[in-house]
Amino acid sequence: MNIEVLEKETNVIIPENLVFGKVFTDHVFEMDYDASKGGWQKPVIKKFEKLNISPAAMVFHYGQAIFEGLKAYKQVDGRIALFRPEKNVERLNKSAARMSIPQVDPKLALEAILELVRIDQDWIPTKPGYSLYIRPFMIATEECFGVRPSDNYKFIILLSPVGPYYPEGFKPVPIMVTDKYVRAVRKGTGEAKAAGNYAAGLIAQAEAKKEGYTQVLWLDAVEQKYIEEVGAMNIFIQFKDEVATPMLSGSILPGVTRMSVLQLLKDWNYNVTERLISIQEVVESYKNGNLLEIFGTGTAAVISSVSKLKYNNNILQFSDEQAGELGIKLYEELTGIQYGKIEDKHGWMTYID
Ligand SMILES: *Cc1c(COP(=O)(O)O)cnc(C)c1O
């Protein structure tokens, strides 16, 4: 299917103080789904404008909504490149399937992302650490109070120029383990990037903030015993002789950054494992001196070193100022590949001509 471009003009205005996800480019990709007309309709790229949606649209009532997040970079030689976009398209379709939303042709979805970035490429900031955040999402738009999958959807892609996640540099963050709430349960929706998962986690995040912690580390919802992941990041623990991350149990979001970090660690001959990691093991390893560092992985920050981990009365203290050695090494490697400073051995980057 050809994507029709209704308007091409750009008027780039990027403010000095770029707050994450607050500035949007001139264009959006939009494609409607209509079951009565045989499925996905004509894909278009048009001016960014407000949506005209009925207040009875099913997304507002029963939450059929999923999203993705990836980035396009202006590399050091001026080329524009995206990091593993086909993985995000694949995950978008998996999330869709879980939420009873119709899947899209992965080739069309990828082409839509690339074409939109091509049109709004002057919006990609060139300063170091800056990039263009890409937000594909799908919502149910049928007007109906019946509880069943909607017959109408919108697939939309937005672009947003963003600065470095930590403007003051690669600084470690304090994280609190919660056992008061759970994020997702196995066989539930945790492995889908479904909007409702995030709404459910906001209360824990707000309570952690009050105590001075930036993020929450979730435990498994059944036993509250095994670590799962952080708000929008997967988690890695470096023990003395092993780098471990929780295995994908069904309640954890399979991160593209997680997958890439696992590959790099294997390339570098680390002993890497995906397994159950109990919070008790983490605390005991720390006390025994067997725990070297903890870091999170995700598109927005790439790598986040953990300065402090609180679990009930236990406080695991790492450096407040200096990110961990392995975290820095992974950050340098991944951002090096993304900005074209380091050879892309795995063919992770997709270029826009
Ligand atoms: C998006 C997300 C991640 C990180 O995934 P990436 O593909 O690496 O950006 C991890 N956990 C949750 C809950 C997420 O929403």
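Residues numbered from 1 in each chain as written. Predicted model: local features only at pLDDT ≥ 70, side-chain atom pairs only at ≥ 80, totals over all residues. Heavy atoms only, no water.

**Student:** Describe in detail a nonpolar patch on the surface, supporting the description with residues and values.
**Tutor:** On the surface, a cluster of nonpolar side chains totalling about 370 Å² of accessible area is made up of Tyr-62, Phe-145 and Val-147. On the secondary structure map, Tyr-62 appears in helix 1 (residues 59-62). Under the relative-accessibility criterion, Tyr-62 is labelled partly exposed at 39%. (Patch = residues over 30% accessible without salt bridge, like charges linked within 9 Å, V, L, I, M, F, W, Y side chains within 5 Å. Areas by Shrake-Rupley, 256 points an atom, 1.4 Å probe, with all protein chains shown as cover. Salt bridge = Lys/Arg side-chain N within 4 Å of Asp/Glu carboxyl O. Helix = DSSP H or I, 4+ residues; strand = E, 2+ residues; numbered from the N terminus. Buried < 20%, exposed > 50% of the residue type's maximum accessible area, 1.4 Å probe, protein only.)

**Student:** Report on the site of the ligand, specifying residues and quantitative values.
**Tutor:** Not every one of the 15 residues close to the ligand is listed here, only the nearest: Lys-193, Tyr-198, Glu-229, Thr-257 and Thr-299. In this structure, an oxygen atom belonging to the ligand sits 2.8 Å away from a side-chain N or O atom of Arg-91. The separation between an oxygen atom of the ligand and a polar side-chain atom of Thr-257 is 2.6 Å. Here the ligand loses 97% of its free accessible area of 380 Å² to cover by the protein chains. Of all the secondary structure elements, the ones that give two or more residues to the shell around the ligand are strand 13 (233-239) and helix 5 (256-267). For the shell around the ligand, a count of residues per class yields 5 nonpolar, 6 polar and 4 charged. (Near = heavy atom within 4 Å. Polar contact = N/O pair within 3.5 Å; in protein donor to acceptor, adjacent residues only side chain to side chain. Nonpolar A, V, L, I, M, F, W, Y, C, P; charged D, E, K, R; others polar.)

**Student:** Describe the domain arrangement of the protein, and please don't skip the residues or the numbers.
**Tutor:** Taken domain by domain, the protein holds domain 1 (4-162) and domain 2 (173-338). Of note, the centres of domain 1 and domain 2, computed from C-alpha atoms alone, are 27 Å apart. In this complex, domain 1 contributes 19 residues to the contact, which on the side of domain 2 involves 19 residues. Of the roughly 1700 Å² buried at the junction of domain 1 and domain 2 (both faces included), carbon and sulfur atoms supply 62%. Looking only at domain 1, the three residues that lose the most surface to domain 2 are Phe-67, Phe-83 and Arg-91, adding up to 36% of its buried area. There are 0 salt bridges connecting domain 1 and domain 2. (Domains from an automatic or database assignment. Contact = heavy atoms within 4.5 Å. Buried area = accessible area lost by both parts, 1.4 Å probe.)

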